[in-house]
Amino acid sequence: QVQLLESGGGLVQAGGSLRLSCAASGRTFSTSAMGWFRQAPGKSREFVAGISSNGGHTTYADSMKGRFTISRDNAKNMMYLQMNSLRPEDTAVYYCAAMATDYYGDYGYSQTSYYDYWGQGTQVTVSS
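Just so it is clear, the structure is predicted and the values come from calculations on it, not from any experiment.

Cut-off values and rules
- Residues numbered from 1 in each chain as written.
- Predicted model: local features only at pLDDT ≥ 70, side-chain atom pairs only at ≥ 80, totals over all residues.
- Heavy atoms only, no water.
- Pairing = 2+ DSSP bridges.
- Helix = DSSP H or I, 4+ residues; strand = E, 2+ residues; numbered from the N terminus.
- Axes fitted to C-alpha atoms, helices over the stretch in contact; angles between N-to-C directions.
- Salt bridge = Lys/Arg side-chain N within 4 Å of Asp/Glu carboxyl O.
- Buried < 20%, exposed > 50% of the residue type's maximum accessible area, 1.4 Å probe, protein only.
- Core = buried A, V, L, I, M, F, W, Y, C linked by side-chain atoms within 4.5 Å.
- Contact = heavy atoms within 4.5 Å.
- Disulfide = S-S within 2.5 Å.

Caption draft 1: Region of the structure containing the sheet that holds strand 8 (residues 78-83). Pairing within the open sheet is antiparallel, and its four strands lie in the order 1-3-8-7. On the outer flanks of this sheet lie strand 1 (3-7) and strand 7 (68-73), each paired with one strand and no other. Ignoring which end each strand starts from, the neighbouring axes of this sheet average 15 degrees apart. One ladder, built from six bridges, connects strand 3 (residues 18-25) with strand 8; its direction is antiparallel. Bridging from a neighbouring strand, L20 pairs with L81 of strand 8.

Caption draft 2: Here's a closer look at the pattern of salt bridges. For the structure on display, the rule yields four salt bridges. Salt-bridge contacts for R38 lead to E46; the nearest nitrogen and oxygen are separated by 2.8 Å. With relative accessibility at 7%, the residue R38 sits in the buried group. Put simply, D62 and K65 hold a salt bridge, and the shortest N to O gap is 3.2 Å.

Caption draft 3: Spatial organisation of the nonpolar core. Core analysis: the largest hydrophobic core is formed by 36 residues, its most contacted members being M34, W36, L81, M83 and Y94. Of all elements in the fold, only strand 3, strand 4 (34-39), strand 5 (46-51), strand 7, strand 8, strand 9 (92-98) and strand 11 (122-127) reach the threshold of two or more residues within this core. With five residues, the top contributor of residues to this core is strand 9. Setting aside residues no more than four positions away along its own chain, Y94 makes contact with E6, L20, F37, R38, V48, F68, L81, M83, G121, T122 and V124.

Caption draft 4: Focus on the pairing of strand 8. Counted residue by residue, strand 8 has five buried out of six residues, so it is predominantly covered. One ladder, built from six bridges, connects strand 7 with strand 8; its direction is antiparallel. Across the sheet, the residue bridging to R72 is M79, located in strand 8. In this structure, the hairpin formed by strand 7 and strand 8 is closed by a connection of four residues, where N77 is found at a positive phi of approximately 55 degrees.

Caption draft 5: Main features of the state of the cysteines. Overall, the coordinates contain one disulfide when judged by the stated rule. Note that C22 is cross-linked by a disulfide to C96, the S-S spacing being 2.0 Å. The disulfide joining C22 to C96 has a torsion of about -65 degrees about its S-S bond and is therefore left-handed. Note that C22 is positioned in strand 3 and C96 in strand 9, a separation of 74 residues in sequence.

What is shown is where atoms sit, not what they do.
And the structure:
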């Protein structure tokens, strides 16, 4: 089993930056594909970015490309989301997620049903 805990959320002005962290516990972390999702009130959970088990492959939602960067450090059991040029539309609860296995391809990273473990989320609020 894998347990996930997000941190780093907060209040930031439009155009600013935040780095979110996801701390993972469990022996399967280094072999798990992982991702970030976000959810605004009244909206469905939205894909942000995904990363393969060794960090060799990353994929992003179109609206995040060029602004957000996903990374991981398996030696520290950590995953990160660097968010730059933040917009008010980025305001949401951001969730860390992990699959039970690695994933090869792009499609599954954007599908919530492909993930087996979820953190509790961290709030990101971007003011105008």
